[in-house]
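# Structural characterization, general
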Amino acid sequence: MAMRQTPLTCSGHTRPVVDLAFSGVTPYGYFLISACKDGKPMLRQGDTGDWIGTFLGHKGAVWGATLNMDATKAATAAADFTAKVWDAVSGDELITLAHKHIVKSVDFTQDSNYLLTGGQDKLLRIYDLSKPEAEPDVVSGHTSGIKKALWSSDDKQILSADDKTVRLWDRSTMTEVKSLNVAMSVSSMEYVPEGQILVITYGRTIAFHSAETLEQIKSFEAPATINSASLHPAKECLVAGGEDFKLYKYDYNTGEELESYKGHFGPIHCVRFSPDGELYASGSEDGTLRLWQTTVGKTYGLWKCVVPEEENAEAAKARTTLPGTAEEEIVAEEIASENSDTVYSSTPEVKA
Amino acid sequence: MTDPLPVPVPILRLPRGPDISGGRGFSRDSRRNSQHFPELQAARAALRERFLRLLSSARGRPARFWLWSGIAVDAEFGAADAEPVAFQVDSLRTPLGVQGAALLRCGDVLAFSIPLE
């Protein structure tokens with residue numbers, strides 16, 4: 001039986017979601033952080049999208065957010081000229097790092113001891129988190145505002161992107177190793193450690209480069225301007241989203257467009273695969289995050305694959321259960337109005 | 001022959017959103033939180049144990065329960081359940097007479113006292 005993708009919408013933000021990041025897999029599952037122009041980044045359970053908490057403290061739009069590997073720390077980059085480090089278990093603000101301009105990007109080293117920041121002041125900064133009061137190491141060279149800065153090669157190198165270039169730096173010498181000129185404004189960058197692949201998006205192009213040499217491996221063209229792309233951990237497929245509000249899924253090897261989904265009510269600003277590759281998350285101008293299944297119809301997280309006999313029994317049960325609280329009724333209406341097609345009998349189970 | 005219409009993948013429920021109370025979240029009750037702050041969990045465990053020992057020592061003692069609207073009733077303390085949701089009492093003295101055994105809902109009880117000797 002053909003199954004149609006049911007995205008899970010995570011609400012809560014009141015302004016556009018501009019960045020999102022997953023943690024690694026921890027004993028408590030994996031987590032997701034979202035950066036929002038409302039200044040209140042949120043932490044969610046990665047496989048369900050359930051809200052866990054909101055990091056309160058920034059006084060401006062949050063442009064970048066990241067989690068460390070085990071999701072015990074979070075870092076955020078904001079328009080209030082600061083980057084902040086947070087305890088991701090308690091939600092407490094741990095460190096505030098003052099900058100001279102809007103901060104756009106933050107990234108932890110694998111051991112969580114150092115934080116890399118980059119922003120509109122065109123400088124890369126490396127903070128030793130055990131000595132936050134100390135002056136950071138500063139790497140200069142960019143001629144326009146830094147949009148993204150990432151650790152690479154086991155934290156021995158740094159990849160950074162500004163408007164027109166992507167640069168590779170050596171961490172120990174703090175000097176530029178290589179530079180790549182990009183035809184159009186870079187909209188996003190993702191580093192894939194296994195295989196040392198760099199995913200860059202600009203215009204309608206999704207490009208894959210070697211993270212060590214910056215040489216291009218391959219590139220694909222999308223039907224619309226792409227703002228973000230993410231490569232599946234097993235490198236079988238990639239997802240991308242942009243200005244036409246749609247999410248695209250491509251076969252990494254052939255470049256063939258496999259699936260596309262409507263659903264967001266605004267341009268998509270960020271997409272990321274979960275660390276286990278079972279789902280991907282998208283953040284949009286419409287203020288929502290959506291979770292999408294990589295394998296549509298598979299039982300995972302909140303998605304439940306139901307076989308026909310089971311489904312009839314469950315559908316009958318759902319119909320006879322009384323609607324729950326007003327909140328759940330409104331939510332059920334929301335599902336019906338969001339999808340352009342009618343909602344079928346297998347509506348989500350409503351708790352009595 | 002036309003293809004059958006694809007069925008949307010069923011879901012258990014929607015993702016939970018932020019607290020309506022407007023709090024910042026990071027529930028202290030989460031498993032992750034208790035592992036991360038062992039002193040907090042140790043303190044909570046110690047307080048819980050004290051409370052349970054108090055309840056078990058209260059059994060058989062004459063108790064006074066203060067309920068809503070300024071009402072107080074006397075009874076012999078019996079037992080409490082896990083949360084507790086309710087207290088079981090014996091010989092509950094009410095305006096209508098003495099109730100041999102009764103359950104008082106904790107939501108109705110504002111306070112109760114027992115003599116320590």
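In this text, all values refer to a predicted model and were calculated from it rather than measured experimentally.

## Description of the pairing of strand 24 (residues 237-242) of chain A
Residue and element names in this part refer to chain A. When you tally the buried positions in strand 24, you get 6 out of 6 residues, the bulk of the element. Residues of strand 24 alternate between two faces, with C237, V239 and G241 on one and L238, A240 and G242 on the opposite face, all of them buried. Pairing geometry for strand 23 (residues 226-231) and strand 24, over 5 bridges, is antiparallel. In the sheet register, A229 faces strand 24, and the bridge partner there is A240. Hairpin connection, strand 23 to strand 24: the antiparallel pair is bridged by 5 residues, and K235 has positive phi, about 60°. For strand 24 and strand 25 (residues 247-251), the ladder comprises 5 bridges, and the chain directions are antiparallel. Residue pairing across strands places G241 opposite L247, the latter belonging to strand 25. Connecting the antiparallel pair strand 24 and strand 25 is a turn made up of 4 residues, with F245 showing a positive phi of about 70°.

## Overview of the sheet that holds strand 2 (residues 62-67) of chain B
All names here are of chain B. With respect to topology, 5 strands assemble into an open sheet ordered 5-4-3-2-6, the strand pairing being antiparallel. Edge strands, defined here as strands with exactly one partner in the open sheet, are strand 5 (97-105) and strand 6 (109-113). Taking each pair of neighbouring strands and ignoring which way they run, the sheet shows an average axis angle of 35°. As defined by bridge partners, strand 2 adjoins strand 3 (residues 72-80) across 5 bridges and the pair is classed as antiparallel. By the bridge assignment for strand 3, R64 is matched with D74.

## What to know about helix 2 (residues 38-58) of chain B
Each α-helix winds once per 3.6 residues, and so residues spaced three or four apart point in a common direction. The end-to-end C-alpha distance of helix 2 of chain B, which contains 21 residues, comes to 30 Å, matching closely the 30 Å that a straight helix rising 1.5 Å per residue would cover. Count one or two residues on from helix 2 of chain B and you reach G60 of chain B, which has phi positive near 85°.

## Remarks on the domain arrangement of chain B
Residue and element names in this part refer to chain B. When the domains of chain B are assigned, the result is domain 1 (26-58) and domain 2 (59-117). Once you take the C-alpha centre of each, domain 1 and domain 2 turn out to be 25 Å apart. Each partner contributes to the roughly 620 Å² buried at the junction of domain 1 and domain 2, and carbon and sulfur atoms together form 59% of this total. For the pair domain 1 and domain 2, the number of links is 0 salt bridges. Looking at the side of domain 1 that touches domain 2, its residues break down into 4 nonpolar, 2 polar and 1 charged.

## Section: the sheet that holds strand 4 (residues 31-36) of chain A
All names here are of chain A. Spatially, the 4 strands line up as an open sheet ordered 3-4-5-6, and their pairing is antiparallel. One side of each edge strand has no neighbouring strand; the edge strands of this open sheet are strand 3 (17-22) and strand 6 (51-54). Across this sheet, the average inter-strand angle for adjacent strands is 20°, counted without regard to direction. Bridge count for strand 4 against strand 5 (residues 42-45) is 4 bridges, and the pairing is antiparallel. Bridge pairing in strand 5 links F31 to Q45.

## Digging into the UniProt feature "repeat: WD" (unreviewed entry) in chain A
Under the present numbering, the feature "repeat: WD" (unreviewed entry) in UniProt falls on residues 55-96, 96-137, 139-179 and 261-302 of chain A. Secondary structure content for residues 139-179 of chain A is 0% helix and 54% strand, while the C-alpha to C-alpha distance between its ends is 14 Å.

## Observations regarding the interface of chain B and chain A
The interface is formed by 28 residues belonging to chain B together with 49 residues belonging to chain A. When the buried surface of chain B facing chain A is broken down by residue, V9, F26 and R32 of chain B rank first, second and third, together holding 24% of it. Counting across the chain B and chain A interface gives 3 salt bridges. Ionic pairing is found between D50 of chain A and R16 of chain B, a salt bridge with its closest N-O pair at 3.2 Å. The interface formed by chain B and chain A contains 17 residue pairs in polar contact (both at pLDDT 80 or more).

## Remarks on the nonpolar core
All names here are of chain A. The biggest cluster of nonpolar side chains holds 17 residues, and the ones touching the most others in it are L32, L279, L291 and W303. Elements with a contribution of two residues or more to this core: strand 2 (8-10), strand 3, strand 28 (279-284) and strand 29 (289-293). With 3 residues, strand 3 is the largest single contributor of residues to this core. If near-sequence neighbours (up to four positions away) are discounted, L32 is found in contact with L20, A21, F22, M42, L43, R44, G46, L67, A281, L289 and L291.

Calculation rules
Residues numbered from 1 in each chain as written. Chains lettered and ligands numbered in written order. Predicted model: local features only at pLDDT ≥ 70, side-chain atom pairs only at ≥ 80, totals over all residues. Heavy atoms only, no water. Buried < 20%, exposed > 50% of the residue type's maximum accessible area, 1.4 Å probe, protein only. Helix = DSSP H or I, 4+ residues; strand = E, 2+ residues; numbered from the N terminus. Pairing = 2+ DSSP bridges. Axes fitted to C-alpha atoms, helices over the stretch in contact; angles between N-to-C directions. Expected span 1.5 Å × (residues − 1). Domains from an automatic or database assignment. Buried area = accessible area lost by both parts, 1.4 Å probe. Salt bridge = Lys/Arg side-chain N within 4 Å of Asp/Glu carboxyl O. Nonpolar A, V, L, I, M, F, W, Y, C, P; charged D, E, K, R; others polar. UniProt positions renumbered as here; feature names shortened; annotations may be inferred. Contact = heavy atoms within 4.5 Å. Polar contact = N/O pair within 3.5 Å; in protein donor to acceptor, adjacent residues only side chain to side chain. Core = buried A, V, L, I, M, F, W, Y, C linked by side-chain atoms within 4.5 Å.

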